[in-house]
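Listed below, chain by chain, are the residues.
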Amino acid sequence: MKYVKLGLLPKLEIEWLRKSVDSAESGREILPDGRVKYWIRHEILEGVSPKMLVWWFQNLEGEIEFKGKVYNRYHVWHPEDHVHVSYEKHRADGSVGPGAILRIVEYLGRQKKYIVNVTSPIEKLDEEGFIHCPRLYGLFPLARMEYRFKEMQNGTLYENSLIVGWKGISFRILRPIFEFLFFDKKHGSAWIKHNIEEVGQFQSFLPDLYRKLNENLR
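Residues numbered from 1 in each chain as written. Predicted model: local features only at pLDDT ≥ 70, side-chain atom pairs only at ≥ 80, totals over all residues. Heavy atoms only, no water.

*Asks:* Would you explain the overall build of the chain in this entry?
*Replies:* In terms of regular secondary structure, the chain is built from four helices and 13 strands. Its C-alpha atoms give the chain principal-axis dimensions of about 55 × 35 × 35 Å. Counting all 218 residues of the chain, 50% fall into the buried class. A separation of at least 24 residues holds for 58% of the contacts in the chain among residues at least 6 apart in sequence. Here the chain displays about 11,600 Å² of accessible surface, and carbon together with sulfur accounts for 53% of that area. Separation between the mean location of the 33 positive side-chain charges and that of the 29 negative ones in the chain comes to 5 Å. (Helix = DSSP H or I, 4+ residues; strand = E, 2+ residues; numbered from the N terminus. Buried < 20%, exposed > 50% of the residue type's maximum accessible area, 1.4 Å probe, protein only. Contact = heavy atoms within 4.5 Å. Areas by Shrake-Rupley, 256 points an atom, 1.4 Å probe, with all protein chains shown as cover. Lys, Arg positive; Asp, Glu negative; His and termini not counted. Charge placed at Lys NZ, Arg CZ, Asp CG, Glu CD.)

*Asks:* Hey, could you run me through the packing of helix α1 (residues 50-58) against helix α4 (residues 185-213) in this one?
*Replies:* Geometry of a packed helix pair, given as the angle between the helix axes and the separation of the axes. Where α1 meets α4, the closest approach of the two axes is 10 Å, and the angle between their N-to-C directions is 85°. Taken together, the axes of α1 and α4 are roughly perpendicular relative to one another. Taken together, the residues of α4 that come into contact with α1 (itself represented by K51, M52, L53, W55, W56 and F57) are F202, F205, L206, P207, L209, Y210, R211 and L213. Residues belonging to the contact of α1 with α4 are distributed by class as follows: 12 nonpolar, no polar and two charged. (Axes fitted to C-alpha atoms, helices over the stretch in contact; angles between N-to-C directions. Parallel < 35°, antiparallel > 145°, perpendicular 65-115°, else oblique. Nonpolar A, V, L, I, M, F, W, Y, C, P; charged D, E, K, R; others polar.)

*Asks:* Just checking my understanding: could you explain the nonpolar core for this structure?
*Replies:* As a rule of thumb, nonpolar side chains are buried together in soluble globular proteins. Membership of the largest hydrophobic core comes to 54 residues, with the highest contact counts inside it found for W56, F57, Y158, F202, F205 and L206. A per-element tally of this core places α4 first, with 10 residues. If we ignore the near neighbours within four places in the chain, the residues touching L206 are V48, M52, L53, W55 and W56. (Core = buried A, V, L, I, M, F, W, Y, C linked by side-chain atoms within 4.5 Å.)

*Asks:* For this particular structure, what's the right way to read the packing of aromatic side chains?
*Replies:* The description of an aromatic ring pair uses the distance of the two centres, along with the angle that the planes make with each other. According to the stated counting rule, one finds 20 aromatic pairs in the structure shown. Residues W166 and F171 carry aromatic rings whose centres are separated by 4.7 Å and whose planes lie at 65° to one another, so their mutual orientation is edge-to-face. Exposure remark for W166: the relative accessible area of 31% places this residue in the partly exposed category. Residue classification places F171 among the buried positions, given a relative accessible area of 0%. Ring centres 6.1 Å apart and planes at 45° place the aromatic pair F202 and F205 in the tilted group. Taken as a pair, F202 and F205 lie in helix α4 at a separation of three residues, close to a single helical turn. By the burial criterion, F202 is buried, and F205 matches it. Here the aromatic cluster, defined as three or more aromatic residues joined through ring pairs, consists of W56, F57, Y74, W77, F130, Y147, F149, Y158, F202 and F205. Residue placement shows K67 over the ring face of F66; its charged tip is 5.6 Å from the ring centre. (Phe/Tyr/Trp six-rings, centres within 6.5 Å; stacked < 30°, edge-to-face > 60°. Lys NZ or Arg CZ within 6 Å of the ring centre and 35° of its normal.)

Structure representation (structure tokens):
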């Protein structure tokens, strides 16, 4: 699939659980190898299990019945910022997991300067976590997305991070320029806000969706 420019969608006028930035712990740090890491430790996702999260990331495409109406399920996940998701490549057996590739389009905070339009190979997807690695135009390594899931008594502890840049002396030298031109602290803060909002939204729809579509697996 070629790089496709997709514009903002109208806001989805639904009730949703928009958690605030201060509902989670988050921060920015420089890793020993010079890359920049933005990280989040979310509130416990009540009623959401790691098994549900794995299923969700394997089934991002399609529609959902939410509050009596039918919507695109990716749009329900973030009613303002999300535009498109699809699986550009499945594994040889047709499933989604390590080796499959995501196509993602979204606008962080609905700001055109914070467009995400990437393909992202999946490196890991299981009940311990999810890792995928966005590539700009499908070619250039852009970042690394790492998620960790831990089942708790009343839900899931969900931690994730966005690691920007590449390993090596070149990024150490170029980091100030790279951040100034492509991904500064304001951009990182927009990602943190967006992510806290979409992860919190899981509580609103995922348990019901999972039970409805997986009744035969119980």
